[in-house]
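# Architecture and fold: a report
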Amino acid sequence: MSSSARLGRSPARKKQKQSLGWLEKTLAGITSSIAQAVFTEEHSRKAGWLQQLDPRAKLGMFLAMVLAGSFTGSFPVLVGLYLVTLLAARLSQVPFDFFVKRVWLGIPFFAGIVVVPSIFFTPGERPLSFTVGSLIIGPSIPGLIGASIFISRVAVSVSLAVLLVVTTPWADLLKSLQALHVPQVFILLLSMTYRYIFLFLRSAVDMFEARKSRMVGWTSGKEQRKWIAGSVGNLMNRSFKMSNDVYSAMLARGFTGETRSFNTFRMEGRDWTALFLTIGVAAAAVFVQRFIR
Amino acid sequence: MSSDFSANRTEPVFQLKGVRYLYNGRQIALDGIDLEVGRGEQLALLGANGSGKSTLLKLLDGIFGPNSGTMRALGRDIAAVASGLDSFRFHREVGLVFQDPDVQLFSATVFDDVAFGPLQLGLSQAEVRQRCDEALEIMEITHLARRAPFELSGGEKKRAAIASVLSLGPEVILLDEPTAALDPRSKWLLVSLIQKLGQAGKTIITATHELEIVPLIASRVIVLGENRQVLADGPARQVLEDTDLLVKANLIHPELHYLGHFQPSMG
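From a predicted model like this one, the values you see are computed outputs, not experimental measurements.

### Things to note about the overall build of chain A
On a plain count of helices and strands, chain A comes out with 11 helices and 2 strands. Beginning at the N terminus, the succession of helices and strands in chain A can be written as α-α-α-α-α-α-β-β-α-α-α-α-α. Here chain A holds 293 residues, and 38% of them are scored as buried. For chain A, the proportion of contacts with a sequence separation of at least 24, taken over those separated by at least 6, is 74%.

Take a look at the structure:
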């Protein structure tokens, strides 16, 4: 029997497949994070409605709509607010499937875990139930209504956040935080973190690929853990060295510890109009929700 | 722009005597460097990998001071500059382009990076805008201004890094391996830029081991040996024709270069 045939039947081969799958998955995850960021920046450069607005106006609009969503206890009104975000996404040339997927893929997992117990523990009429001893187990109608409101509220908020991030370059979004009096040094740190996360993600991808290209045999779990620990240490060393070099580069361009930034924003008529229109819609939603249940 | 440097135009830009620098206080990076650079000189710093070129440029930029020896730059003691004294004004006059552009491009967009230096000078927004537009135009990357550095190619990053130094309008420009890993068009753009800056009277020191560009960008050459000392200092042609010296400095190899007809010039 050839060695390859022996390998094909051995448990080691199965183990190798599993470990390679794990590595492939990690590599794919890192790569997709980078690709998604680049893709998001692409959307922010389109000539859509939201892309043309001043980031500060967009931030104001986002806050107004999120507050409206939080103060609204009416399911139909929340659905209406969600439809407004879908319309805004459409006007901003954000692909429908990308937008909807990005919002709804995470919600069942995060919001679902929070809301599931309340469906069963909220008192009220239970159309489907079964009895275990003295306990009646089943979803109650008030529980289901509460869960629907909660999930639609989360959906509106997440949709608004995604829309803001997708239609605004990250750099502009950070700078717009100045309008909320966020300290400049904090904004600089955030922007540098964003900048270097991608550099280190690329380094991680390179290391994974370099390892993959040299994988010619089975490695044990212990060896893999050792490699991962070594890679983490290596990346950490690189990040320390890079941080020293970056600081040198900042000093070389006259950095004295005081943070200054260039402001290119200008609120124009259309920005104010969009902002006041959104505040109007948000106020109307809060008012109307008292009558529509 | 008034400065000590402008006031003392006849004084050498850099004066180094017996400069020694140790990494982590142990490993020798530079050993007994004597060097004098005059105003408006275009100088190439040659040396194999690990010969101390980048370290010397960082010393010249006042990022750190020597362990021993004396070093003056633009009329100032470089050790004092490295400890922070007057470094703000010093860096208006001396700009360093780092070898790795990812080190230099730390902002979220190319424009923000180019604007970083002028903003530190406390200039008005209009003046910052003007300087940035000029620097981006010189480097032919105006169309990349709003792009994030992680989206750029290697050549684009290099050009953005140089623009971020040009926007400061320094009198002295230090370039660390500016043409490394660039395609021919980007390389030529940089060579012609260095020539233009030289013609404008800037003092330029370029660290490289690409011999073919040296006659185009420098009239004087300093060779750093693998012993971290100055091996030669002279006119570019004279140094580049000394094949024994170039072999000794590990800049050419007999198996790769036909030494009898070694032609370092591109044109």
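### Some words on the interface of chain B and chain A
With 35 residues of chain B at the contact, the number on the chain A side is 33 residues. Summed over both sides, the interface of chain B with chain A buries roughly 3,000 Å², with 60% coming from carbon and sulfur. Considering only the surface of chain B that becomes buried against chain A, Phe106, Gln120 and Phe150 of chain B emerge as the three largest contributors, covering 25% of it. Measuring nitrogen to oxygen at the nearest pair gives 3.6 Å for the salt bridge that ties arginine 253 of chain A to aspartate 113 of chain B.

### Observations concerning the nonpolar core
Of all hydrophobic cores here, the largest spans 51 residues; its most connected members are Leu46, Met139, Ile141, Leu166, Val221 and Val223 of chain B. Discounting residues that sit within four places of it in the chain, valine 221 of chain B has contacts with Ala44, Leu46, Val214, Ala232, Asp233, Gly234, Ala236 and Val239 of chain B. Within the second largest apolar cluster, 46 residues are counted, among which are Tyr196 and Met250 of chain A together with Val13 and Val37 of chain B.

### Here we look at the packing of helix H3 (residues 55-71) of chain A against helix H7 (residues 141-167) of chain A
All names here are of chain A. Running from N to C, H3 and H7 cross one another at 175°; their axes reach a closest spacing of 9 Å. If you check the angle between H3 and H7, you find them roughly antiparallel. Contacts between H3 and H7 involve Lys58, Leu59, Phe62, Met65, Val66, Gly69 and Ser70 on the former and, on the latter, Arg153, Ser157, Leu160, Ala161, Leu164 and Thr167. Tallied by class, the residues present in the contact of H3 with H7 amount to 7 nonpolar, 4 polar and 2 charged.

### Re unusual backbone geometry
All names here are of chain B. Phi is positive for glutamate 177, which is not a glycine, with a value near 50°. Position of glutamate 177 among the secondary structure elements: in the loop between strand S7 (172-176) and helix H9 (184-199). For glutamate 177, a relative accessible area of 5% translates into the label buried.

### Digging into the side chain of aspartate 61 of chain B
Here aspartate 61 of chain B is to be found in the loop between helix H2 (53-60) and strand S4 (68-73). Notably, aspartate 61 of chain B is buried but unbridged: the nearest opposite-charge side chain belongs to arginine 253 of chain A, and the N-O separation is 9.1 Å.

### Digging into the packing of aromatic side chains
Inspection of every chain in the model, using the stated rule, returns 7 aromatic pairs over all chains. Measuring from centroid to centroid gives 5.4 Å for phenylalanine 287 of chain A and phenylalanine 291 of chain A, while their planes differ by 65°, and the two rings are edge-to-face. Ring geometry for tyrosine 21 of chain B versus phenylalanine 64 of chain B: centroids 4.6 Å apart, planes at 15°, classification stacked. Residue tyrosine 21 of chain B is found in strand S1 (residues 14-23), and its partner phenylalanine 64 of chain B is found in the loop between H2 and S4; the two are separated by 43 residues along the sequence. Under the relative-accessibility criterion, phenylalanine 64 of chain B is labelled partly exposed at 22%.

Cut-offs applied
In every chain, residue numbers begin from 1 and rise along the written sequence. Starting at A for chains and at 1 for ligands, labels are handed out in the order in which the entities are written. Only residues with pLDDT of at least 70 are given local features in this predicted model, and only at 80 or more are side-chain atom pairs given and counted; all residues enter the totals for whole chains, interfaces and linings. As a rule here, side-chain values come from all non-hydrogen atoms in the structure, and water together with hydrogens is ignored. Runs of E in the DSSP output that reach at least two residues are strands. Runs of H or I that reach at least four are helices, and both are numbered from the N terminus. Each residue's exposure class comes from its accessible area (1.4 Å probe, protein chains only) as a fraction of the maximum for that residue type: buried when under 20%, exposed when over 50%, partly exposed otherwise. Residue contacts are counted whenever heavy atoms from the two residues lie within 4.5 Å of one another. Buried surface area refers to the total accessible area, computed with a probe of radius 1.4 Å, that the two partners give up upon joining, counted for both partners together. Should a side-chain nitrogen of Lys or Arg be within 4 Å of a carboxyl oxygen of Asp or Glu, the pair is scored as a salt bridge. Residues enter a nonpolar core if they are buried and are Ala, Val, Leu, Ile, Met, Phe, Trp, Tyr or Cys, with the set joined through side-chain atoms within 4.5 Å. Orientation is described by axes fitted as lines to C-alpha atoms, over the contacting stretch for helices, and by angles from 0 to 180 degrees between their N-to-C directions. When describing relative orientation, an angle under 35 degrees is termed roughly parallel and one over 145 degrees roughly antiparallel, while 65 to 115 degrees is termed roughly perpendicular and anything else oblique. By the convention adopted, Pro, Cys, Tyr, Trp, Phe, Met, Ile, Leu, Val and Ala count as nonpolar, Lys, Arg, Asp and Glu as charged, and the other residues, Gly among them, as polar. In this tally Asp and Glu are treated as negative and Lys and Arg as positive; neither His nor the chain ends contributes. Any two of the Phe, Tyr and Trp rings considered here, Trp counted by its six-membered ring, make a pair once their centres fall within 6.5 Å; the pair's planes then place it as stacked at under 30 degrees, edge-to-face at over 60, or tilted in between.

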